[in-house]
Amino acid sequence: MKAKTVIVTGAGQGIGAGIAKIYGKNGFHVGVLDIHYETAKETVKEIVDQGGTAMAVECDVALRSDVEQAIDMVTKAYGLPTTLINNAGVGGYFHRIDEVTDEEWDWIINTNLKSVFLFCRNLLPKMKEIGYGRIVNISSIQGLFGSPRSSTYVATKHAIIGYTKTIAAEWGGFNITCNAVCPGYVQTAMGIHDESFKGFSQSVMDITPSKKIATVEEMGELVYYLTSEKAQYMNGSAITFDGGITCYTGVTDFNNF
Ligand SMILES: NC(=O)c1ccc[n+]([C@@H]2O[C@H](COP(=O)([O-])OP(=O)(O)OC[C@H]3O[C@@H](n4cnc5c(N)ncnc54)[C@H](O)[C@@H]3O)[C@@H](O)[C@H]2O)c1
C-alpha cells in the first residue's frame, strides 16, 4: 500500500515532535513544519534514524504564503497530505485583558487560529477530491473554560473546538474527519519541563486526579489513533486528555481521601 503523507505543524519540538515521530514510526511520509528550521531538522533526523521518511520545512503557520509553499513542497515530495495535524501554538504572556497589546493579540490569534483556517482552506478541497482526509486540531483544556491572564490563548482554543465541529459537519460527507484534542498538562517547554517549574508542577498535581503529567509520546499515540481506520466514526469530537482535571469541580478535596 502507498504510504500516506502527514503534515504536522510546530513539529520542531514538544507535542508536535512527539506526534511527528509516531507517524514516522508508522510508515507515514512526514512533513515536519516549524518556524524554526533547525529544530524541524532535528525532528526529521530522529524520524530518519528510526527508519522513517520525513522532510523539514520552514513555515510560519500564520502566513498564507508560507502555508501554501509548505503544502506545495510536501505534496511535490510525497504526494498530497491527506492527514493534517494543526499543532503549532503559542501561549503568549500571562497578561490581564487590559495589558494585552494589539501585537500580542494578533500574534496569538494568527499563530493558533488563523493557521488552522489557512491549512484547512487549502487542503479540504483537495482531500474532498481524493475522497479521504483526516484532521486533528490541538486545542487545550483552556478551550473548555476560562483562565485568568490567558484570555487570548483561551479565545483561540475555544474557537478551535467550534471550528473543528464545523469542519466535521461541513466536510464529513466526503470521508473527511476532523477532531480536536484538549490536553491538560504535557511535558514540553509550554507545559512543565524542568526544576524551575517545581512549584507550578505541584499545583498541577494538586488538581489532577491521575497525579501525572502527560508525555508527548502519549499525545502522539492519541492523535495517531484519531486519524486511524479504527477511529473512522469519530468526527467533530473534542477529546480531553487531562488526567481527569476537567471532571473535577475542585470543591471536595480528593487529596485527603
Ligand atoms: N504543553 C502543554 O501542556 C499543552 C497543553 C494544552 C495544549 N497545548 C497545545 O499543544 C500545542 C503544542 O504545544 P507544546 O507544548 O508542544 O509547545 P512548544 O512551545 O513546546 O512547541 C510549539 C512549537 O510550535 C512552533 N511554532 C510557534 N509559532 C509558530 C509559527 N508561527 N509557525 C510555525 N511553528 C510555530 C515552535 O517553534 C515550537 O516548535 C500548542 O497548540 C499548545 O497550545 C499544550
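Every value quoted in this text rests on a predicted model; they were computed, and no experiment measured them.

Calculation notes
Residues numbered from 1 in each chain as written. Predicted model: local features only at pLDDT ≥ 70, side-chain atom pairs only at ≥ 80, totals over all residues. Heavy atoms only, no water. Axes fitted to C-alpha atoms, helices over the stretch in contact; angles between N-to-C directions. Helix = DSSP H or I, 4+ residues; strand = E, 2+ residues; numbered from the N terminus. Parallel < 35°, antiparallel > 145°, perpendicular 65-115°, else oblique. Left-handed = near helix turned anticlockwise from the far one by under 90°. Contact = heavy atoms within 4.5 Å. Nonpolar A, V, L, I, M, F, W, Y, C, P; charged D, E, K, R; others polar. Buried < 20%, exposed > 50% of the residue type's maximum accessible area, 1.4 Å probe, protein only. Pairing = 2+ DSSP bridges. pLDDT = per-residue confidence, 0-100. Near = heavy atom within 4 Å. Polar contact = N/O pair within 3.5 Å; in protein donor to acceptor, adjacent residues only side chain to side chain. Areas by Shrake-Rupley, 256 points an atom, 1.4 Å probe, with all protein chains shown as cover. Right-handed = clockwise from strand over helix to strand, strands pointing away.

A few words on the packing of helix 1 (residues 14–25) against helix 2 (residues 37–49). For the pair helix 1 and helix 2, interaxial distance at closest approach is 9 Å and the crossing angle is 25°. Taken together, helix 1 and helix 2 sit at an angle that is classed as roughly parallel. Along this stretch, helix 1 crosses helix 2, giving a crossing that reads as right-handed. In this structure, helix 1 contributes Ala17, Ala20, Lys21 and Gly24 to the contact, and helix 2 contributes Thr43, Glu46 and Ile47. Across the contact of helix 1 with helix 2, the residue classes break down as 3 nonpolar, 2 polar and 2 charged.

So, about the environment of lysine 128. Inspection of the secondary structure puts lysine 128 in helix 4 (residues 102–130). Residue class for lysine 128 comes out partly exposed when judged on its relative accessible area of 41%. Counting along the chain gives 27 residues from lysine 128 to threonine 101, while the straight-line C-alpha distance between them is 39 Å. Ignoring sequence-local partners within four residues, the contact set of lysine 128 consists of Trp171, Phe174 and Ile176.

The strand order across the open sheet built from 7 strands is 3-2-1-4-5-6-7, with neighbouring strands paired in parallel fashion. A strand with exactly one partner marks an edge of an open sheet, and here the two such strands are strand 3 (53–58) and strand 7 (238–241). Recorded for the sheet is a direction-independent mean angle of 20° between the axes of neighbouring strands. Bridging between strand 4 (residues 81–86) and strand 5 (residues 133–138) involves 4 bridges; their strand directions are parallel. In the sheet register, threonine 83 faces strand 5, and the bridge partner there is arginine 134. Seen against the sheet, helix 5 (residues 151–171) touches strand 5, strand 6 (176–183) and strand 7 and runs at an angle of roughly 160° to strand 6. Against the sheet, helix 7 (residues 216–226) touches strand 4, strand 5, strand 6 and strand 7, its axis set at about 160° to strand 6.

Quick look at the confidence of the model for the protein chain now. A residue-level look at the protein chain finds 95% of positions with pLDDT of 70 or above and a mean pLDDT of 95. Summarising per-element confidence for the protein chain, the mean pLDDT is lowest in helix 6 (residues 198–207) (83) and highest in strand 1 (residues 5–9) (99).

So, on to the site of the ligand. Looking at the ligand, there are 29 residues lining it, with Ile15, Asp34, Asn87, Tyr153 and Thr188 nearest. Here an oxygen atom of the ligand sits 2.8 Å away from a polar atom, N or O, in the main chain of isoleucine 15. For the ligand, an oxygen atom lies 2.9 Å from a polar atom in the side chain of lysine 157. Here the ligand loses 93% of its free accessible area of 830 Å² to cover by the protein chains. Among the secondary structure elements, those contributing two or more residues to the shell around the ligand are helix 1 and helix 5. Counted by class, the shell around the ligand contains 13 nonpolar, 13 polar and 3 charged residues.

Bridge count between strand 2 (residues 29–34) and strand 3: 6 bridges; the pairing is parallel. Paired with valine 32 across the strands is alanine 56, a residue of strand 3. Regarding topology, helix 2 serves as the crossover connection from strand 2 to the parallel strand 3, and that connection is right-handed.

Before going further, it helps to spend a moment on the side chain of serine 150. By secondary structure assignment, the location of serine 150 is in the loop between strand 5 and helix 5. Among residues more than four places away in sequence, those in contact with serine 150 are Phe94, His95 and Gln142.

Another point: unusual backbone geometry. Of note, the phi angle at arginine 149 is positive, near 65°, even though the residue is not glycine. One can find arginine 149 in the loop between strand 5 and helix 5. In this structure, lysine 211 is a non-glycine residue whose phi angle is positive, near 55°. Checked against the element boundaries, lysine 211 lands in the loop between helix 6 and helix 7.

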